[in-house]
Amino acid sequence: MVTSDDVRRVGLALPRTWEFFTGGRAKLKVKQIVYCAFSADETLMGFGFPRAERDGLIASDPETFFLPPTRDLRYQWVCAHLARLEHEEMREFVTEAWRMCVPQMLHDLPELPVPTAAAWNAIDSGEWGELRPLLHPALHWTDGETTLRGRSNVLAHLQNHPTPRPPTEVEVRDGQVHRWVR
């Protein structure tokens, strides 16, 4: 059984996501775009979903999926009973809803090894204290023409340059990014 806390763990691990509360309800957003929202009792979840595919999803399992209120039908949105979702299915729906809100360059981040998405998110938000433990001390960093060795050198470089695009390849050792290639 999936809970709202399970959804939060998945959603808040995705770059640029933040949680917002309004009217006693929690929502997950990227900038100002809501991609996932909970009912007040957190047993129901609404999420971004292509309007053209919405009826097919509902028809596939009408006990789990349902249309949003009439006022929200204009949005690319569908709702679900959390208790009827499998964990992997929920992860896929939340990740796909997030992808509808972010630039395409970020779409592959959730598929890269942990902690790549968290590291890129820390870079993007300038959270250097959060980034440091995610990078291996012997980090090998390649971003186009720039090649650096060592976590301290990479951190110094990142603090003085624009946010790089996400990596296309990574290697993780001991739970830290050891090699970052773009």
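Scroll up a little and you will see the structure.
Heads up: these notes are all about the structure in this document. (Residues numbered from 1 in each chain as written. Predicted model: local features only at pLDDT ≥ 70, side-chain atom pairs only at ≥ 80, totals over all residues. Heavy atoms only, no water.)

1. A closer look at the environment of D124
In this structure, D124 sits in helix α4 (residues 116-125). Note on D124: relative accessible area 25%, which makes it partly exposed. Residues D124 and T163 lie 39 residues apart in sequence; the distance between their C-alpha atoms is 5.8 Å. Apart from residues lying up to four places away in sequence, D124 is in contact with R16 and T163. A polar contact of 2.8 Å, which involves the side chain of D124, links it to the side chain of R16. (Helix = DSSP H or I, 4+ residues; strand = E, 2+ residues; numbered from the N terminus. Buried < 20%, exposed > 50% of the residue type's maximum accessible area, 1.4 Å probe, protein only. Contact = heavy atoms within 4.5 Å. Polar contact = N/O pair within 3.5 Å; in protein donor to acceptor, adjacent residues only side chain to side chain.)

2. Digging into unusual backbone geometry
The peptide bond linking V114 to P115 adopts the cis configuration, its omega dihedral lying at 10°. By secondary structure assignment, the location of P115 is in the loop between α3 (87-99) and α4. Despite not being glycine, K31 shows a phi value in the positive range, around 55°. If you check the backbone angles, D174 has positive phi at about 55° while not being a glycine. Tracing the backbone through its elements, the reader meets D174 in the loop between β9 (169-173) and β10 (176-181). Taking relative accessible area as the criterion, D174 reaches 72% and is therefore assigned exposed.

3. Overview of helix α2 (residues 51-60)
Since there are 3.6 residues in each turn of an α-helix, residues three or four apart along the chain are aligned in direction. All of the buried residues along α2 are R54, L57 and I58. The buried residues of α2 occupy one face: seen down the axis, they fall within an arc of 95°. The exposed residues of α2 that point more than 90 degrees off its buried face are A52, D55, A59 and S60. Of the surrounding elements, those touching the buried residues of α2 are β4 (44-48), β5 (65-66), β6 (77-81) and α3. (Arc of directions from axis to C-beta.)

4. Considerations on the packing of helix α1 (residues 4-12) against α3
One way to put it is that α1 packs onto α3 with a least axis distance of 10 Å and a crossing angle of 45°. Our classification of the angle between α1 and α3 gives oblique. Seen from above, α1 lies across α3 with right-handed handedness. Listed contacts from α3 to D6, V7, V10 and G11 of α1 are H87, M90, R91, V94 and T95. Taken together, the residues that form the contact of α1 with α3 break down as four nonpolar, three polar and two charged. (Axes fitted to C-alpha atoms, helices over the stretch in contact; angles between N-to-C directions. Parallel < 35°, antiparallel > 145°, perpendicular 65-115°, else oblique. Left-handed = near helix turned anticlockwise from the far one by under 90°. Nonpolar A, V, L, I, M, F, W, Y, C, P; charged D, E, K, R; others polar.)

5. Brief notes about the side chain of S4
Here S4 lies in helix α1. Apart from the residues within four sequence positions on either side, S4 is in contact with F38, E42 and L82.

6. Describing the sheet that holds β6
Paired through backbone hydrogen bonds, the strands of a sheet run either parallel or antiparallel to each other. With antiparallel pairing, six strands are arranged side by side in an open sheet as β1-β2-β3-β4-β6-β5. Among the strands making up the open sheet, the edge pair consists of β1 (17-22) and β5. With five bridges joining them, β4 and β6 adopt antiparallel strand pairing. Residue pairing across strands places M45 opposite A80, the latter belonging to β6. Seen against the sheet, α1 touches β1, β2 (25-30), β3 (33-38) and β4 and runs at an angle of roughly 135° to β1. Each of β1, β2, β3, β4 and β5 is contacted by α3, which is oriented at about 40° to β4, the strand it contacts most. (Pairing = 2+ DSSP bridges.)

7. Some details on α4
Taken as a whole, α4 has its buried residues at T116, A117, A119, W120, A122 and I123. Considering only its buried residues, α4 is in contact with α5 (128-131), β7 (135-143), α6 (151-159), β9 and β10. Once α4 finishes, G126 follows within two positions and takes phi at roughly 70°, a positive value.

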